[in-house]
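Chain by chain, the residues run as shown.
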Amino acid sequence: MWELTVLLLLVPSSGQAATVEKPVLSLHPPWTTIFNGEKVTLRCDGYHPLLLELRPISTLWYLGHLLLPSYKKSIEVHTPGVYRCQTRGAPVSDPIHLSVSNDWLILQVPYAAVFEGEPLVLRCRGWYDKIVYKLHYYHDGQPVRYFHSSANYTVPQARASDSGRYQCSGTMRVPVESAPMFSAKVAVTVQELFQAPVLRVMGRVEARGAAFGGVVLRCETRLHPQKRDTPLQFAFYKYSRPVRRYDWDAEYTVPEPEVEELESYWCEAATTTRSVRKRSPWLQVPGRGSPLDLASTTAPVPDNQPLSFRKPPVSRSVPSVPSVPNVTSAGPPFPAGGAPTAGPPACAPPTPLQQTAGALKPDVALLLREMQLLQGLLSRVVLELKETQAVPGHTVETPTSHSAVSQGTPETTTVES
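Keep in mind it's a predicted model, so treat the numbers as computed, not measured. (Residues numbered from 1 in each chain as written. Predicted model: local features only at pLDDT ≥ 70, side-chain atom pairs only at ≥ 80, totals over all residues. Heavy atoms only, no water.)

1. As for the overall build of the chain
Link 1 in the chain: Within the chain one finds three helices and 29 strands.
Link 2 in the chain: Taken across its 417 residues, the chain has 30% of its residues classed as buried.
Link 3 in the chain: Partitioning the intrachain contacts of the chain with sequence separation of at least 6 by distance along the chain shows that 55% fall at a separation of at least 24.
Link 4 in the chain: For the chain, the accessible surface area stands at approximately 27500 Å², while carbon and sulfur atoms represent 57% of it. (Helix = DSSP H or I, 4+ residues; strand = E, 2+ residues; numbered from the N terminus. Buried < 20%, exposed > 50% of the residue type's maximum accessible area, 1.4 Å probe, protein only. Contact = heavy atoms within 4.5 Å. Areas by Shrake-Rupley, 256 points an atom, 1.4 Å probe, with all protein chains shown as cover.)

2. Details of a nonpolar patch on the surface
Link 1 in the chain: Taken together, the side chains of Leu-367, Leu-368 and Met-371 present a nonpolar region at the surface, about 300 Å² in accessible area.
Link 2 in the chain: Relative to the helices and strands, Leu-368 is located in helix 3 (residues 364–390).
Link 3 in the chain: Taking relative accessible area as the criterion, Leu-368 reaches 47% and is therefore assigned partly exposed. (Patch = residues over 30% accessible without salt bridge, like charges linked within 9 Å, V, L, I, M, F, W, Y side chains within 5 Å. Salt bridge = Lys/Arg side-chain N within 4 Å of Asp/Glu carboxyl O.)

3. Observations regarding the sheet that holds strand 8 (residues 96–101)
Link 1 in the chain: Ordered by their spatial adjacency, five strands build an open sheet running 2-8-7-4-5, and the pairing between neighbours is mixed. Two strands in the sheet have a free side with no partner beyond their single neighbour: strand 2 (33–35) and strand 5 (66–67). (Pairing = 2+ DSSP bridges.)

4. Remarks on the environment of Lys-185
Link 1 in the chain: Among the structural elements, Lys-185 can be located in the loop between strand 16 (181–182) and strand 17 (186–188).
Link 2 in the chain: Taking the relative accessible area as the measure of exposure, Lys-185 reaches 48% and is therefore partly exposed.
Link 3 in the chain: In the structure, Lys-185 is positioned 79 residues away from Ile-106 in sequence and 9.0 Å away in space, judged by C-alpha atoms.

5. Describing the state of the cysteines
Link 1 in the chain: Summed over the entire model, instances satisfying the criterion amount to three disulfides.
Link 2 in the chain: Two residues, Cys-44 and Cys-85, share a disulfide whose sulfurs are 2.1 Å apart. The S-S bond linking Cys-44 to Cys-85 shows a torsion near 75°; that makes this disulfide right-handed. With Cys-44 in strand 3 (residues 40–45) and Cys-85 in strand 7 (residues 81–87), this residue pair connects regions lying 41 residues apart in the sequence.
Link 3 in the chain: Its relative accessible area of 0% is what places Cys-85 among the buried residues. (Disulfide = S-S within 2.5 Å.)

6. Let's talk about the pairing of strand 24 (residues 265–271)
Link 1 in the chain: Counting buried positions along strand 24 gives seven out of seven residues, so the element sits mostly inside the fold.
Link 2 in the chain: Where strand 21 (residues 232–238) lies against strand 24, seven bridges are found, and the strand directions are antiparallel. From the neighbouring strand, Tyr-237 faces strand 24, where its bridge partner is Trp-266.
Link 3 in the chain: Bridging between strand 24 and strand 25 (residues 277–279) involves three bridges; their strand directions are antiparallel. Bridging from a neighbouring strand, Ala-270 pairs with Arg-277 of strand 25.

7. A closer look at the confidence of the model for the chain
Link 1 in the chain: With 65% of its residues at a pLDDT of 70 or more, the chain shows a mean pLDDT of 76.
Link 2 in the chain: Averaged over each element, pLDDT in the chain is lowest for helix 1 (residues 2–9) (39) and highest for strand 12 (residues 133–139) (97).
Link 3 in the chain: Taken together, the stretch residues 1–17 has pLDDT below 50 and engages in four contacts with residues farther than four places along the chain or on a different chain.
Link 4 in the chain: Counted against residues more than four places away or in other chains, residues 356–362, with its pLDDT under 50, gives zero contacts. (pLDDT = per-residue confidence, 0-100.)

8. Quick notes on the pairing of strand 12
Link 1 in the chain: The element strand 12 is largely enclosed, with a buried count of five among its seven residues.
Link 2 in the chain: The pairing of strand 12 with strand 15 (residues 164–171) spans five bridges and is antiparallel. If you follow His-139 over to strand 15, its bridge partner there is Tyr-166.
Link 3 in the chain: Of the strand pairs in this sheet, strand 12 and strand 13 (residues 142–147) are connected by five bridges, and their pairing is antiparallel. Considered in strand 13, the bridge of His-136 is made with Tyr-146.
Link 4 in the chain: Count of turn residues in the strand 12/strand 13 antiparallel hairpin: two residues, of which Asp-140 carries a positive phi of about 55°.

9. Things to note about unusual backbone geometry
Among all residues save glycine, negative phi is the norm, and among peptide bonds the norm is trans.
Link 1 in the chain: Residue Pro-29 follows His-28 across a cis peptide bond; omega there is -10°.
Link 2 in the chain: If you trace the backbone, Pro-29 turns up in the loop between strand 1 (24–28) and strand 2.
Link 3 in the chain: Look at the link from Val-174 to Pro-175: it is a cis peptide, with omega at -15°.
Link 4 in the chain: Considering the arrangement of structural elements, one finds Pro-175 in the loop between strand 15 and strand 16.
Link 5 in the chain: The residue Asp-129 is not glycine, and still its phi comes out positive at about 65°.
Link 6 in the chain: Among the structural elements, Asp-129 can be located in the loop between strand 11 (120–126) and strand 12.

Written out as structure tokens, the structure reads:
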């Protein structure tokens, strides 16, 4: 009777199953490529719920879609393939892909995902741990490190740029020194720890007593799901000057006297060790007529462009210099008011004459007709010039450029060849 009472107390009173996370599958030693004939150990660690059963909770193992005949917490394997595990009441774990090689040289990479700021360790291994001489490591076909004999290649703080395809080469004494041997290429991906932050306007804080009012800015980012417990700190800057150094608070209040310069602010998020630091773009508030149009956005910054600490330049209208018409070129006639000149600066109010001219609409049909007449006249001049070159001593009459086509007969000028 007492045993039954104890077992019943282990059942949740609500009758609803708690959310159980997937188990964690690990590999020992932590290399995804091994030589033929070697064995590795897989271990499945997860939450084991208490059930009304007297036998222990079993663990299920999968090789591809095949269920393996083992229910232990860890197993030894030597067959290549994709392994997964599952504890009772929990979802299936993330996979581990095991490769088996018959080559003389293999490049071993860790099974677990490598995130920004973490060390990346690569191991070039000879057949059954034979010493490798004249060892080279390659990244995307380019040599990155040389060792006289067997050694691991380590990137202390990995970055996204360290992703790519890696390979190693070297010689072995079997029994004499062999020709250079190359391993198979292995793809390595460095995962993003957190996204680039975005600076947003959250709202306005009213002044209360001795406390000043202002505008609240928030530096927002998102961690990778596997690293959601990683602590981050935030700093805020105005131009290149830090207004608040690294702190756990992701919000900063801009004082009221500096609200008009919100576009000069940006923020930075970083890990506690500063191994990973990422900056946000400049804050941009649409509708500068109202400084707090709270639907703020940010402008993207290209990855290959350095972040500028200068405020974006303000465009100014510069009045252009009046142009002098070329009297030697034949072109459309100017209106009766004379040659056109550049307009006034953008900041000057329009004159009454300009307001009247702006209200008038040109006759498009008349303008097209004038252009057609001018085109025909120019064609005629070109033909006559060609005939003049063919017949020496002949003269031809050409219209001067300052005469109007639509007003009377054009004046003529004698051109002698």
